[in-house]
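Summary of structural features
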Amino acid sequence: MSRTEPVLFLLGANHVSAPVELRELLYIAPEPLAALLPALRERHQFRELVALSTCNRFELIGIAPPTANLNALLYQAFLDLHHQHGVVRDKISDEDIQRALYLHTESDAVRHLYRVASSLDSLVLGETQITGQFKDAMTVAATSGTIGPTLQRLGQEALATAKKIRTQTAIGKKTVSISHAALELAGKVFGKLGDHSFLLIGAGEMSRVAAKYVTNYNPRNIFIANRTVERARDLVTELGTGEAFGMEEIPGLLTSADIVISSTAAPGIVLDAMTVERAKSARRGRPLILLDIAMPRDIDPDCGDLDDVYLFDIDDLQQVSAANFEERRKAAEEAEDLVHRGVDQFKNWQKTWSVKPVLAAFRNYVGELIDREAGKTLAKEHFRDLNAKQRESLKALFDAIASKITADAARQITSPPPGFEAEQLAQSILALFPDTAEHRAEPRAEKTKDKDSQ
Amino acid sequence: MTAAHIASNIALISLALAALLYLIEVGKNRSRNSSGSAALVALLLAALAGTTSLVLQLATTEATALSGLLLAVAISWMAIVGHTKFKLRLIGAFVAPLATLILLVQFFITPGRPSAMDDDGAGKILLLFHVSMAVLGQAFGILAGAVSIFYLWQQKLLKKKRLSQIPQNLPAIDRIDGMLRVCLWAGYGLITAGLVSGAVYTQLFAPPAELMLSAKVLWATVVWLWYLTILLAQNVFGWPSRRVAEMCLVGFVLMALSYFGIGFFRPGGQ
């Protein structure tokens, strides 16, 4: 793909294109991501760069420089980032990563991002967590200084569309979080969840959401185990029920808990198969459900091979989500319309944004032209008798004419009449007034640009 | 043809119809549909007709074999309870064809075979108690086999994470596991009562020729020992439910061999 202009792109892998094992490797926590992004932007000369890293997707959104081979540049950048992060080649080959990637450019990239922010591309359609994760990704990019006016605007518009979708369509009313889907899955094993005891591993945001759903079932017990017992206690206080424990007490809790929901931010396995195996003998054949909603996964996948133990990870939630899909399909159709409109609006903004430097230059050019010509005229003999007030009035008249001309031109270009494109009209200005090009770098143009980027 | 015979025939036809409708239900894999409701109605009709026939036969002391009819009626009622109370809507798909087969075997292979109903008062009561316990024990054993099939099916789908393939008309797996435990304990208790009462009856009332350890008694003892092993494995050694379910299936085969192989095909046996 050969490009002569900078390209807005989105390259990534999600729960549809990549299995959980691969997504686990692609996940990068916010702190290391903030450290890696500036170097990546520098190395590959991206104008702007944002990375969205969640349990279900890793996506790079950016503006690539004009290049003869966009695909090669982007794939290389993606691989570089993950090699820098420590994804070693013996764990997964570059080819395997590339096979799982999708690439969208320009309007397609914008559309995809809007769908992601609105949870239309989520594993659990309509879930709310993605909006927060999207905001976090923008913050990380802002912290690392890799975001610019285009992606900032794109992020704002995507979030505004997401908000509109949540408030104007039924998708907001039928919102289901990953935790909710996990409990629905638990219902396949245990008919009445309220008759059983829950063990929540982790006391972070995901656990908090899960715990709130769990309390709706009035379970026999809620045990919350966390590395810092104090945080577990805080969650117990917030819920008004449950008991707090340290992580070292998990083996003992496994003998009485029937449903375990794990969502820690630990980088490795928190619950291994040996621990579960040992707890099994005390359980006397009672089924045990392990719901691993963490990324990277908390629970040893080998636990799933144990008798009477049912292990589900976030990929399995897709099936639950699919079962509910029909119910939310209608709402999603409405939401897609809003996305479509949002993309059109952004495209228009992008077009006017791209002609802004021409308009600013034209304004400078006309302003200077009027100043110059007015100066010449007022210097003539028969204007020498004018007093200061009269001179000021004439100057104001000339400025008003200049403003009127440039404002009319700007209005026509930013909202082109049918059959015309903004870019096309801007090029016409440059063709009709070739000196305009010389005024592009004038301070007044930069000022306008800054104002627009707010 | 007596009223008891007519009722038996109605039970047989209804069971055959219920078997057909339940098989359609399995194919459809829906939580509720018309064939599912119709199957339950047919099974209910069969259970009512069979019960009527049993009562009439006992009341009039007609010389017919009761154990086959009693077994068919017992497992039909159990399937109705499983369907309505425990939401195990597919249980009839296993039970109805089996009950049909039991009745057919009784009708065609042992038609009008006399039972030992001409004993004196105490002997008759003890015999009736023995037959009832043994047959109801067998019924629970059959039910345990059926429930095991559903347990293993659902367990496999859950383990393979084929969640969308889990039939909507099956309850959650822990409920199936609970039913299996109930069937095992009830079946074991009833078979034990049947064996003990049979031993007492044989000692007190059976002719001297029947005091020997017959093949029927031997098989019944093997079945009893097998179920004892299952309960020990489950409750003492903590074997996983999957293995318990597999053992229940073996128990069902042993019981079928005991029932069909010895009960019907051995001359004079029942």
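Basis of the calculations
- Residues numbered from 1 in each chain as written.
- Chains lettered and ligands numbered in written order.
- Predicted model: local features only at pLDDT ≥ 70, side-chain atom pairs only at ≥ 80, totals over all residues.
- Heavy atoms only, no water.
- Helix = DSSP H or I, 4+ residues; strand = E, 2+ residues; numbered from the N terminus.
- Contact = heavy atoms within 4.5 Å.
- Areas by Shrake-Rupley, 256 points an atom, 1.4 Å probe, with all protein chains shown as cover.
- Salt bridge = Lys/Arg side-chain N within 4 Å of Asp/Glu carboxyl O.
- Phe/Tyr/Trp six-rings, centres within 6.5 Å; stacked < 30°, edge-to-face > 60°.
- Buried < 20%, exposed > 50% of the residue type's maximum accessible area, 1.4 Å probe, protein only.
- Lys NZ or Arg CZ within 6 Å of the ring centre and 35° of its normal.
- Pairing = 2+ DSSP bridges.
- Axes fitted to C-alpha atoms, helices over the stretch in contact; angles between N-to-C directions.
- Buried area = accessible area lost by both parts, 1.4 Å probe.
- Polar contact = N/O pair within 3.5 Å; in protein donor to acceptor, adjacent residues only side chain to side chain.
- Nonpolar A, V, L, I, M, F, W, Y, C, P; charged D, E, K, R; others polar.
- pLDDT = per-residue confidence, 0-100.

In this section: the overall build of chain B. Summing up its helical and strand segments, chain B has eight helices and zero strands in all. Element order for chain B, N to C, with α for helix and β for strand: α-α-α-α-α-α-α-α. When contacts within chain B are restricted to residue pairs at least 6 apart in sequence, long-range pairs at least 24 apart make up 80% of them. For chain B, the accessible area works out to roughly 11900 Å², and carbon and sulfur atoms hold 72% of it.

Residues and elements named next belong to chain A. Counted according to the given criterion, the structure contains 26 salt bridges over all chains. Residue Asp-96 pairs with Arg-99 through a salt bridge whose shortest N-O separation is 2.3 Å. Taken together, the residues Asp-96 and Arg-99, both in helix α4 (residues 94-100) and three residues apart, mark about one turn of the helix. Here the residues in one salt-bridge network are Arg-57, Glu-59, Arg-115, Asp-121 and Glu-336, joined through shared partners.

One pass over the full model with this rule turns up nine aromatic pairs over all chains. Ring geometry for Phe362(A) against Phe433(A): centres 5.3 Å apart, planes inclined by 40°, an arrangement best described as tilted. Taken together, the residues Phe362(A) in helix α13 (residues 317-378) and Phe433(A) in the loop between α15 (422-432) and α16 (443-452) connect sequence positions 71 residues apart. Since its relative accessible area comes to 3%, Phe362(A) is described here as buried. An angle of 35° between the planes, with centres 6.4 Å apart, marks the rings of Phe150(B) and Trp153(B) as tilted. Here Phe150(B) pairs with Trp153(B), and both are found in helix α5 (residues 121-159), just three residues apart, close to one helical turn. Grouped by ring-pair contacts, the aromatic residues Phe362(A), Tyr365(A) and Phe433(A) constitute a single cluster. When the ring centre of Tyr310(A) is taken as reference, the NZ or CZ atom of Lys159(B) above it lies at 5.3 Å. Lying across the ring of Trp239(B), Arg243(B) places its NZ or CZ 5.0 Å from the centre.

Turning our eyes to something else, we now look at the sheet that holds strand β5 (residues 197-201) of chain A. Residues and elements named next belong to chain A. Spatially, β7-β6-β5-β8-β9-β10 is the arrangement adopted by the six strands of the open sheet, whose pairing is parallel. Each edge of the sheet is formed by a strand with only one pairing partner; in this case those strands are β7 (243-246) and β10 (309-313). The sheet shows a mean angle of 20° between the axes of neighbouring strands, taken without regard to direction. Direction of pairing for β5 relative to strand β6 (residues 221-226): parallel, over a ladder of five bridges. The partner of Ser-197 across the bridge, within β6, is Asn-221. Lying on the sheet, helix α9 (residues 205-216) is in contact with β5, β6 and β8 (259-262); it crosses β5 at an angle near 170°.

What follows is about the interface of chain A and chain B. Taken together, the contact between chain A and chain B spans 23 residues of the former and 24 residues of the latter. Taken together, both faces of the contact between chain A and chain B bury some 1700 Å²; the carbon and sulfur share is 46%. Its largest share of buried area at the contact with chain B, chain A owes to Lys188(A), Arg284(A) and Tyr310(A), together 35% of the area lost on that side. Between chain A and chain B we count two salt bridges in total. Between Asp307(A) and Arg242(B) there is a salt bridge, with its nearest N and O atoms 2.7 Å apart. Where chain A packs against chain B, one counts 11 residue pairs in polar contact (both at pLDDT 80 or more). Of all the secondary-structure elements, those providing two or more residues to the side of chain A that touches chain B are α8 (178-189), β10 and α13 of chain A. The element contributing the most residues to the side of chain A that touches chain B is β10(A), with five residues. In terms of residue class, the side of chain A that touches chain B is made up of 10 nonpolar, six polar and seven charged.

A word on the confidence of the model for chain B. Residues and elements named next belong to chain B. Considering every residue of chain B, the mean pLDDT works out to 81; 84% of them sit at 70 or more. Taken element by element, chain B is modelled with least confidence in helix α8 (residues 241-264), mean pLDDT 82, and with most confidence in helix α6 (residues 173-205), mean pLDDT 89. Predicted confidence is poor over residues 111-115, with pLDDT under 50, and the contacts of this stretch with residues over four places away or in other chains come to 11 contacts. If you check the scores for this complex, the pTM reads 0.62 and the ipTM reads 0.75.

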